[in-house]
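Residues per chain, in single letters:
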Amino acid sequence: MDITEVPVSEDSKGKKKKNKKPKMKSKAGNGEAEKKQQEVVVVENMEKSEPAFPPSFSVSEIKNKQRRHFMFMKLKQEKRKQKMQLKKKKKKEREALGDKAPPKEVPKTIENQRVYDETVVDPEDEEVAFDEGTDEFSAYFNGLTNPKVLITTSDRPRGRTVRFCEQLATVIPNAHVYYRRGLALKRVIPQCIARDFTYLIVINEDRKVPNGMVLCHLPDGPTAHFKVSSVRLRKEMKRRGKDPTEHSPEVILNNFTTRLGHSIGRLFAALFPQDPQFVGRQVATFHNQRDFIFFRFHRYIFKNEKRVGIQELGPRFTLKLRSLQKGTFDSKFGEYEWVLKRHEMDACRRKFQL
Amino acid sequence: MMADSSRLCSVWLGSETGILKGVSLGRKQAFNFCNTRQLSRDQEVRALCWADPAQSELLLGSVDGTVRTFSTEKGAFTEARRCGEPAEGCFTGLAALSGSATVTCVECGTLRVWREDSSEPATQLHAGQNVCRMRQSPVHRHKVATGGKDNPLKIWDLQRPESPAFTAKNLRDDWLDLRRPHWVRDMAFIPDSDKVVTCTGYHQVHVFDPASPQRRPVLEVEYGEYPLTALSLPPGGQSVVVGNTHGQIAVLDLRKGAVRGCLKGLAGGVRALQCHSSQPVVASCGLDRFLRVHSLEDRKLLHKVYLKSRLNCVLLASREEAGQTAGEAGSQEVKEEEEDEVWDAMERVEEAPKRKTTTEEEEEEEQEEEEVKKKSKKKKKKKKEAFED
């Protein structure tokens, strides 16, 4: 009786009735109430708009878990079938139209939907070019200094961090690893400057795993503090090549578009010597996507003019910028050029800073 | 052309690249004014102030020791003057005295008064080492205050340059009997009284009263964990706006010593803050290369302008704002008149008594409210009419 009167998702209801014959009486009460609701809904729909979508009660109202699961699977299958049918129809239409078919729609991604950022650097902008040309890295970019990097850790580092530092030192030419010995960074910095170092990298460790990095450009340059995650050491990498050689690698900086991104990009670029040795065929990549900077180190070989083979060597890690401070490391009294404020900046999923 | 754009600007900023930027908030445009063809870091603007109360000329102090004058009427730099050596440090304060004299203060502590004609300072005094800021009292033009790192607040009377009129005493030793460190970053004179507010590099805000016998601060307020770099007083006189190196700007209440609220949005250290003299608006600029204008009543961001270099100082023009608002009010009145005509042209719908009162009320409200709301109510009325039809 109930089945025939209500012209709604007969399949589901039919199946339900089949399975639950003994329970029909208890469900009848529910069915009636639902039917009334459905009638009301149908009436309203007819008043307001065209033939409404047949209102089906949601699968979550079935109390029995097995049956609920079964109904849900069926629902999913139905949906998938309908989707496939729609796709086939569209494809047929597209083929039928041939050349006149409308162009394929581009799917929306978060990178596509990125909020317009007014700080994106215009290559022809004189003021920004002047600003960059005379900032703290100008000595490096004008060829006056060669990078010399000091890598150290927080106090009493554990095995993984030590190995990470050693591998970083092989990747960055002219890098030296020193044991921290509990020294204060503010005392270390003048000594580094006296010995002509241009960079100080401090890897911070937490629970035997590196999790932070402070990158300080030495004469009086900016200090960047990053969060480090996903560190993979050399032996954990699959299909890796032999150890990197002493040649200076090429550097690739991807997707650093805003003004802040430019500053960070220059910070990374100044770590490596200006003239890469192409003989070594090694390349270090800093790829920025959604404010995360991915570091990879590869060796490439050109098989012919169009095909390249790459082998990943070296450690791989991900960085996220937490703060950029003007001046050398001084977390208490320094002036910050940019600070990550999570509640304000991470609120919008489509807005990125780098 | 430059003169036109300079007359429109209501906010003036000095940047690290040496460019003077003028921003017109009503039109949302920014203009660059530059002296030389080539930019250079030596011209970095460190101090900015109005040369006269009529606000027609600006004084800029640069790193290389020159003080330049910029005329807002003409839109060009009119004068440049050598007022000190770059070896002495950057300008920490610039002020204009009546009679076309300028007061300059540099980081090493030398405060000089320059007359228009001579190239030698008329008066010179030493305000200690490491002066961070010098400010002039808006009421008594010959009084200036200086303060710096380990250099307590000193109020000088320029007519008696031998010794300061008031020297603040350091805070009491702390509970371990150690001397408290002292670092005055910025100060301001509270109008209608003799009091001076200072903010320190140890995240404290102090109020000093030279009239009272105690030389220690009358009120002490702490905010945040980072050095406070800039300070400004809104027209009320009961509160103060401070900014720190992390980009946090807060409005503190001076009567109780509590934080009233924070202004959000800045991502870099605050270099300069300025409250408007009549409107409850505060402009902030800093190392993140943005100019932000917040409203003090609801602490919301009103304007945000990207200016491509790091900004060092900001100045608000009071008369330009008035000009703009008068213009806007005029245009609004014109639009309101047009709206009234439209309403009169429309036929009155005869409805039930209940409805009539509401329509009357709506009309009265509309005459008072702005366009946007009028438009939405128009739509509602039209919809109502359509529905009844």
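Residues numbered from 1 in each chain as written. Chains lettered and ligands numbered in written order. Predicted model: local features only at pLDDT ≥ 70, side-chain atom pairs only at ≥ 80, totals over all residues. Heavy atoms only, no water.

Overview of the overall build of chain A
Phase 1: Scanning chain A from terminus to terminus reveals 10 helices and 10 strands.
Phase 2: In chain A, which comprises 354 residues, the share counted as buried stands at 40%.
Phase 3: Taking contacts inside chain A between residues at least 6 apart in sequence as the whole, the part at least 24 apart equals 64%.
Phase 4: Of the roughly 22,700 Å² of accessible surface on chain A, a fraction of 52% belongs to carbon and sulfur atoms. (Helix = DSSP H or I, 4+ residues; strand = E, 2+ residues; numbered from the N terminus. Buried < 20%, exposed > 50% of the residue type's maximum accessible area, 1.4 Å probe, protein only. Contact = heavy atoms within 4.5 Å. Areas by Shrake-Rupley, 256 points an atom, 1.4 Å probe, with all protein chains shown as cover.)

A word on the packing of aromatic side chains
Two numbers describe a pair of aromatic rings. These are the distance of the centres and the angle of the planes.
Phase 1: Following the criterion strictly, the structure yields 19 aromatic pairs over all chains and no others.
Phase 2: Ring centres of F286 of chain A and F295 of chain A lie 5.1 Å apart, and the angle between their planes is 55°; on these two criteria the pair is classed as tilted. One exposure class covers both F286 of chain A and F295 of chain A, and it is buried.
Phase 3: With a centroid separation of 6.4 Å and an interplanar angle of 80°, the aromatic rings of Y336 of chain A and Y226 of chain B are classed as edge-to-face. Separated into two different chains, Y336 of chain A in strand β10 (residues 335–339) and Y226 of chain B in the loop between β19 (219–222) and β20 (228–232) make up a pair that spans both.
Phase 4: Overall, Y336 of chain A belongs to the buried group, its relative accessible area being 7%.
Phase 5: For Y226 of chain B, a relative accessible area of 17% translates into the label buried.
Phase 6: Members of the aromatic cluster, each reached through a chain of ring pairs, are F164, F226, F256, F268, F272, F286, F295 and F317 of chain A.
Phase 7: Above the ring of F197 of chain A, the side-chain terminus of K148 of chain A is found at 4.5 Å from the ring centroid.
Phase 8: In this structure, K304 of chain B is placed above the aromatic ring of F290 of chain B, and the distance from its NZ or CZ to the ring centre is 4.9 Å. (Phe/Tyr/Trp six-rings, centres within 6.5 Å; stacked < 30°, edge-to-face > 60°. Lys NZ or Arg CZ within 6 Å of the ring centre and 35° of its normal.)

Remarks on the sheet that holds strand β21 (residues 239–244) of chain B
All names here are of chain B.
Phase 1: Strand order in this open sheet of four strands is β20-β21-β22-β23, and the pairing throughout is antiparallel. Two strands lie at the open edges of the sheet, namely β20 and β23 (258–263), each paired on one side alone. With strand direction ignored, the average angle separating the axes of adjacent strands in the sheet is 30°.
Phase 2: In this structure, β21 lies alongside strand β22 (residues 249–253), joined through five bridges in antiparallel fashion. Within the sheet, the bridge partner assigned to S239 lies in β22 and is D253. (Pairing = 2+ DSSP bridges. Axes fitted to C-alpha atoms, helices over the stretch in contact; angles between N-to-C directions.)

Observations regarding the nonpolar core
Phase 1: Judged by nonpolar contacts, the single largest core of 43 residues is most densely connected at I172, I201, F226, I264, F268, L271 and I293 of chain A.
Phase 2: When residues no more than four places from it in sequence are discounted, the contact partners of I172 of chain A are V149, I201, L271 and F272 of chain A.
Phase 3: Counting residues in each nonpolar core, the second largest holds 17 residues, with C199, V221, L228 and A250 of chain B among its members. (Core = buried A, V, L, I, M, F, W, Y, C linked by side-chain atoms within 4.5 Å.)

Quick notes on unusual backbone geometry
Trans peptide bonds make up the majority, and among non-glycine residues the majority have a negative phi.
Phase 1: The phi dihedral of R181 of chain A is positive, around 60°, even though this residue is not glycine.
Phase 2: Along the chain, R181 of chain A turns up in the loop between β2 (175–177) and α8 (185–194).

What to know about helix α5 (residues 126–133) of chain A
Along an α-helix, a turn takes 3.6 residues, which lines up residues three or four apart on a common side.
Phase 1: Looking only at α5 of chain A, the buried set comprises E127, V128, F130, D131 and E132 of chain A.
Phase 2: Structurally, α5 of chain A contributes buried residues whose contacts are with α9 (259–269) of chain A together with β2 (20–24) and β3 (29–33) of chain B.
Phase 3: With a side-chain oxygen lying 3.3 Å from the backbone nitrogen of E127 of chain A, the N-terminal cap of α5 of chain A falls on D125 of chain A. (Polar contact = N/O pair within 3.5 Å; in protein donor to acceptor, adjacent residues only side chain to side chain.)

With respect to the confidence of the model for chain B
For residues with low pLDDT, the predicted coordinates do not support detailed interpretation.
All names here are of chain B.
Phase 1: A residue-level look at chain B finds 81% of positions with pLDDT of 70 or above and a mean pLDDT of 80.
Phase 2: Every residue in residues 321–336 scores below 50 in pLDDT, and together they form 15 contacts with partners more than four places removed in sequence or on other chains.
Phase 3: Note that residues 353–372 has pLDDT below 50 and, in this model, 20 contacts with residues that lie over four places away or in other chains.
Phase 4: Interface scoring of the predicted complex returns ipTM 0.74; its pTM is 0.75. (pLDDT = per-residue confidence, 0-100.)

Side note on the side chain of N288 of chain A
Residues and elements named next belong to chain A.
Phase 1: Inspection of the secondary structure assignment puts N288 in strand β7 (residues 282–289).
Phase 2: The buried category is assigned to N288, whose relative accessible area is 2%.
Phase 3: A distance of 3.3 Å separates the side chain of N288 from the backbone oxygen of L354, its partner in a polar contact.
Phase 4: The residues touching N288, leaving out its near neighbours within four places in the chain, are N254, N255, F256, I293 and L354.

Re the confidence of the model for chain A
All names here are of chain A.
Phase 1: Mean pLDDT over chain A stands at 84; residues scoring 70 or higher make up 84%.
Phase 2: Across residues 1–29, where pLDDT falls below 50, the model places 22 contacts with residues more than four positions away in sequence or in other chains.
Phase 3: Here residues 44–53 is modelled with pLDDT under 50, and outside its nearest four sequence neighbours on either side it reaches three contacts, counting other chains as well.

Quick notes on a nonpolar patch on the surface
Phase 1: A cluster of nonpolar residues, F72, M73 and L75 of chain A, forms a patch on the protein surface that exposes about 250 Å² of accessible area.
Phase 2: Position of L75 of chain A among the secondary structure elements: in helix α4 (residues 65–97). (Patch = residues over 30% accessible without salt bridge, like charges linked within 9 Å, V, L, I, M, F, W, Y side chains within 5 Å. Salt bridge = Lys/Arg side-chain N within 4 Å of Asp/Glu carboxyl O.)

Quick notes on the sheet that holds strand β16 (residues 184–189) of chain B
Residue and element names in this part refer to chain B.
Phase 1: Taken in spatial order, the four strands make up an open sheet running β16-β17-β18-β19, and their pairing is antiparallel. Edge positions in the sheet fall to β16 and β19, since each has one partner strand and no second. Strand-to-strand twist across the sheet, computed as the mean angle between neighbouring axes with direction ignored, equals 20°.
Phase 2: Sheet analysis places strand β17 (residues 196–200) next to strand β18 (residues 204–208), joined by four bridges and oriented antiparallel. Among the inter-strand pairings, V197 is bridged to a residue of β18, identified as V207.

A few points about the state of the cysteines
Residues and elements named next belong to chain B.
Phase 1: What the rule picks out here adds up to zero disulfides over all chains.
Phase 2: Distance from the sulfur of C9, which forms no disulfide, to the nearest cysteine sulfur (C34) is 15 Å.
Phase 3: Cysteine C275 shares no disulfide, and the gap to the nearest cysteine sulfur, in C199, comes to 13 Å.
Phase 4: Accessibility expressed as a relative area gives 7% for C275, which makes it buried. (Disulfide = S-S within 2.5 Å.)

A word on α4 of chain A
All names here are of chain A.
Phase 1: Here α4 is 33 residues long and its end C-alpha atoms lie 48 Å apart, about the 48 Å a rise of 1.5 Å per residue gives.
Phase 2: Its side-chain oxygen at 3.0 Å from the backbone nitrogen of Q66, N64 defines the N-terminal cap of α4.
Phase 3: Backbone geometry just after α4 places G98 at a positive phi near 70°. (Expected span 1.5 Å × (residues − 1).)

Re the packing of α5 of chain A against α9 of chain A
Two packed helices can be described by the angle between their axes and the distance between those axes.
Residues and elements named next belong to chain A.
Phase 1: Where α5 meets α9, the closest approach of the two axes is 12 Å, and the angle between their N-to-C directions is 30°. Viewed along their axes, α5 and α9 adopt a mutual orientation that is roughly parallel. By crossing handedness, the relation of α5 to α9 is classed as right-handed. Here V128, D131 and E132 of α5 come into contact with α9, specifically with R259, H262 and R266.
Phase 2: Here the contact of α5 with α9 is built from residues that sort into one nonpolar, one polar and four charged. (Parallel < 35°, antiparallel > 145°, perpendicular 65-115°, else oblique. Left-handed = near helix turned anticlockwise from the far one by under 90°. Nonpolar A, V, L, I, M, F, W, Y, C, P; charged D, E, K, R; others polar.)

Some thoughts on the environment of K238 of chain A
Residues and elements named next belong to chain A.
Phase 1: Within the secondary structure, K238 sits in the loop between β5 (223–232) and β6 (250–254).
Phase 2: Here K238 falls in the exposed class, since its relative accessible area comes to 70%.
Phase 3: For the pair K238 and L218, spaced 20 residues apart in the sequence, the C-alpha separation amounts to 36 Å.

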